[in-house]
Amino acid sequence: MSRALSSLRARVERLGFRTLYRLADLTYALGVATPKRTVAGTYWSHEPTNPHGDDAGLAALDRLPTDAVVLDVGAHVGEHAIPLALGTDRRVVAFEPNGESADRLARNADRNGLGGRDGAGIDLRRAGLGDANATLTFYRSTFSKCSAFDRESATRWGASVAGTESVPVRRLDDLVEGVVDEGADGVGTVPPPDAIKVDVEGNEAAVLRGATATLATHRPLLVVEVHEAAEAAAGDAKAGGEAAATGSGPAALREWLAARDYAVEEAEDVWICRPEEA
């Protein structure tokens, strides 16, 4: 009986996701935008839902100064980037490797009067971040939030691969001014961050490893959405520089952060990580 119920639940979830993403395709095709109320303010979006309206990580980021620099890694369609930038002098640099999601982010930003790479607003970079510089195949999923650099992740929840594209992946340490002299080819430098938000469907540890020098130099606030797939990625994370972290998954990631003097506050699957005082 439990196996039958689990199978039924999985089918219902897949149907729900399929319906949601088809509705999103329709709202973007028709140009329908609606106001989204969040803990960081109200903005307009072509998305049919508002999944981060009461997000604890978004609330933590919104408490930053109104001229802060925020790096949004895995920006999707702007659910964090837009409310954080709107009505402020913040500069939000949004990294999004999924071409379709990046296009939608740009549309939502334009709908709110945001955009451009000069000064405040949203600076969109069509690239991924990781722990090595490379050009990788990105698998665009029929469920956009499942899109990933591996086929298995892109076909979760009954989704399928809608297409592939070659995407630059860079270490953040090779992009941040004051850490490196020039930005890695084709992506460009970014200003020193006051905060970094990471939501990359299981590759959180790789993004943070590629930002080790940035964390040490600039001590930004970190807001990390921890996914189950992070267990494999974090398993080989290094704690304290060269020594391998014990355990796997979130425990290893927490140990890695602790070794760099970051305190972790959990709010469900969002970690708010603050640098500890020396």
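These lines cover the structure that appears in this document, whether it is placed above or below. (Residues numbered from 1 in each chain as written. Predicted model: local features only at pLDDT ≥ 70, side-chain atom pairs only at ≥ 80, totals over all residues. Heavy atoms only, no water.)

### Remarks on the packing of aromatic side chains
Scanning the entire structure with this criterion turns up 1 aromatic pair. Here Arg104 stacks its cationic end above the ring of Tyr28, 4.2 Å away from the centre of that ring. The side chain of Arg111 reaches across the aromatic face of Trp44, ending 4.4 Å from its centre. (Phe/Tyr/Trp six-rings, centres within 6.5 Å; stacked < 30°, edge-to-face > 60°. Lys NZ or Arg CZ within 6 Å of the ring centre and 35° of its normal.)

### Considerations on the nonpolar core
The nonpolar side chains of soluble globular proteins are, as a tendency, buried together. Counting 30 residues, the largest nonpolar core has Leu172, Leu222 and Leu257 as its most contacted members. Counting residues per element, the ones that place at least two in this core are strand E3 (69–73), strand E4 (91–95), strand E9 (195–198), helix H6 (204–209), strand E10 (221–225), helix H9 (250–259), strand E13 (262–267) and strand E14 (270–275). By size, the runner-up hydrophobic cluster in this structure holds 24 residues, among which are Ala40, Ala68, Ala81 and Ala94. (Core = buried A, V, L, I, M, F, W, Y, C linked by side-chain atoms within 4.5 Å. Buried < 20%, exposed > 50% of the residue type's maximum accessible area, 1.4 Å probe, protein only. Helix = DSSP H or I, 4+ residues; strand = E, 2+ residues; numbered from the N terminus.)

### With respect to the pattern of salt bridges
Opposite charge on two side chains allows them to pair when their charged atoms are near. Tallied over the entire structure, the rule returns 13 salt bridges. Residues Arg209 and Asp131 are paired through a salt bridge, measuring 2.8 Å at the closest nitrogen-oxygen approach. Placement of the pair is Arg209 in helix H6 and Asp131 in the loop between strand E6 (128–129) and strand E7 (134–141), with a sequence separation of 78 residues. A salt bridge links Glu201 to Arg156; the nearest nitrogen and oxygen atoms lie 3.5 Å apart. Separated by 45 residues along the polypeptide, Glu201 in the loop between E9 and H6 and Arg156 in the loop between helix H5 (151–154) and strand E8 (161–170) bring together distant segments of the chain. Here the salt bridges share partners, and the residues they tie into one network are Asp25, Glu100 and Arg104. (Salt bridge = Lys/Arg side-chain N within 4 Å of Asp/Glu carboxyl O.)

### Focus: the sheet that holds E7
The strands that make up a sheet pair up through hydrogen bonds in the backbone, lying either parallel or antiparallel. Strand order in this open sheet of 3 strands is E6-E8-E7, and the pairing throughout is mixed. The sheet terminates laterally at E6 and E7, the two strands that pair on one side only. Note that E7 and E8 share 8 bridges and pair antiparallel. Bridging across to E8, Ala134 finds its partner in Val169. (Pairing = 2+ DSSP bridges.)

### Digging into the sheet that holds E9
Spatially, the 7 strands line up as an open sheet ordered E5-E4-E3-E9-E10-E14-E13, and their pairing is mixed. With partners counted over all chains shown, the strands left at the sheet margins are strand E5 (121–125) and E13, one partner each. The mean inter-strand angle of the sheet, taken between neighbouring strand axes irrespective of direction, is 15 degrees. Bridge count for E13 against E14 is 6 bridges, and the pairing is antiparallel. Looking at E14, one finds that Ala267 is bridged to Val270. Strands E4 and E5 of the sheet are contacted by helix H4 (residues 99–111), whose axis makes an angle of about 165 degrees with E5. (Axes fitted to C-alpha atoms, helices over the stretch in contact; angles between N-to-C directions. Contact = heavy atoms within 4.5 Å.)

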